[in-house]
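So you can see what is in the structure, the chains are spelled out below.
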Amino acid sequence: MTSERRVHLSRSARPAYDALEAFSQTVGTIAAEAGIDDRMKEIALIHASQLNGCAYCVRVHVDRGVQAGLTTDEIAQLPAWRESGVFTARERAALELAERYVYIHEEGIPDDVYDHVGGILSEQEYVALSWLLVSINAFNRITIAGKYPVPPRRGERASADPA
């Protein structure tokens, strides 16, 4: 990563960022009221952030996922969730929907995915999870565009190769 100076969107247009934060809070409330627990929410947000390549948001949501009860093994299994047996049918539906929202430009939400996920989640859960994914995709784009740094944490070993 270069040390070039980037515009920090959350500081440069604070009212817009505050509106996105408020949107995120509203979406979180909608999700909780629809029955999306913190564990399932964080599974979806971590995976979307992984797929988008947003290290900053991955760190934030892994921390929140651990607080919600996710184990190291479960977090490690996220990229290979289809082959893993550690996720429930509801969590797998959330992971499938997360992938479709990240890659929505390819074919939208195909009917078979909509039907499959809709057969597992209630309509309210589907709607709430969809809004969570719209929100995280917006945050991912802000942090990726701004190259928000993700330095090693205090006491953690830095990479030997700074490439």
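Refer to the structure printed above.
Observations concerning the environment of S24
Checked against the element boundaries, S24 lands in helix α2 (residues 14-34). Sequence separation of S24 and F139 is 115 residues, and the distance between their C-alpha atoms is 9.4 Å. The contacts of S24, once residues within four sequence positions are left out, are S135 and F139.

Here's the deal with helix α6 (residues 89-102)
When the terminal C-alpha atoms of α6 are compared, their 20 Å separation across 14 residues agrees well with the 20 Å that a helix rising 1.5 Å per residue should span. Among the 14 residues in α6, ten count as buried, and that is most of the element. E91, A93, A94, L95, E96, L97, A98, E99, Y101 and V102 are the residues of α6 that are buried. Buried residues along α6 sit in contact with α3 (38-52), α7 (104-107), α8 (111-120) and α9 (123-145).

Re the packing of α6 against α9
Following both chains from N to C, one finds α6 and α9 inclined at 45°, their axes separated by 10 Å at the closest point. One finds that α6 runs oblique with respect to α9. Handedness of the crossing formed by α6 with α9: right-handed. Between α6 and α9, the contacting residues are R90, A94, L97, A98, Y101 and V102 on the first element and E125, Y126, L129, S130, L133, V134, N137 and R141 on the second. Here the residues of the contact of α6 with α9 sort into nine nonpolar, two polar and three charged.

As for the packing of α3 against α6
One can describe the packing of α3 onto α6 by two numbers: an axis separation of 9 Å at closest approach and a directional angle of 35°. Handedness of the crossing formed by α3 with α6: right-handed. Together, R39, M40, I43, A44, H47, A48, L51 and N52 of α3 and R90, E91, A94, L95, A98, E99 and V102 of α6 make up the contact between the two elements. Each residue belonging to the contact of α3 with α6 can be placed in one class, and the counts come to nine nonpolar, two polar and four charged.

Remarks on the layout of surface pockets
In this structure, the largest pocket spans a volume of roughly 480 Å³. What lines the largest pocket is a set of 22 residues, and nearest its centre among them are E21, S24, H61, R64 and F139. Mapped by element, the contributors of at least two residues to the lining of the largest pocket are α2, α3, α4 (55-67) and α9. In terms of residue count, α2 provides more of the lining of the largest pocket than any other element does, six residues in total.

What counts, and at which threshold
- Residues numbered from 1 in each chain as written.
- Predicted model: local features only at pLDDT ≥ 70, side-chain atom pairs only at ≥ 80, totals over all residues.
- Heavy atoms only, no water.
- Helix = DSSP H or I, 4+ residues; strand = E, 2+ residues; numbered from the N terminus.
- Contact = heavy atoms within 4.5 Å.
- Expected span 1.5 Å × (residues − 1).
- Buried < 20%, exposed > 50% of the residue type's maximum accessible area, 1.4 Å probe, protein only.
- Axes fitted to C-alpha atoms, helices over the stretch in contact; angles between N-to-C directions.
- Parallel < 35°, antiparallel > 145°, perpendicular 65-115°, else oblique.
- Left-handed = near helix turned anticlockwise from the far one by under 90°.
- Nonpolar A, V, L, I, M, F, W, Y, C, P; charged D, E, K, R; others polar.
- 1 Å grid on protein atoms, 1.4 Å probe; cavity = no way out; pocket = protein on both sides within 12 Å on 5 of 7 lines; lining within 4 Å.
- Points joined across faces, edges and corners; volume = space filled by probe spheres on them.

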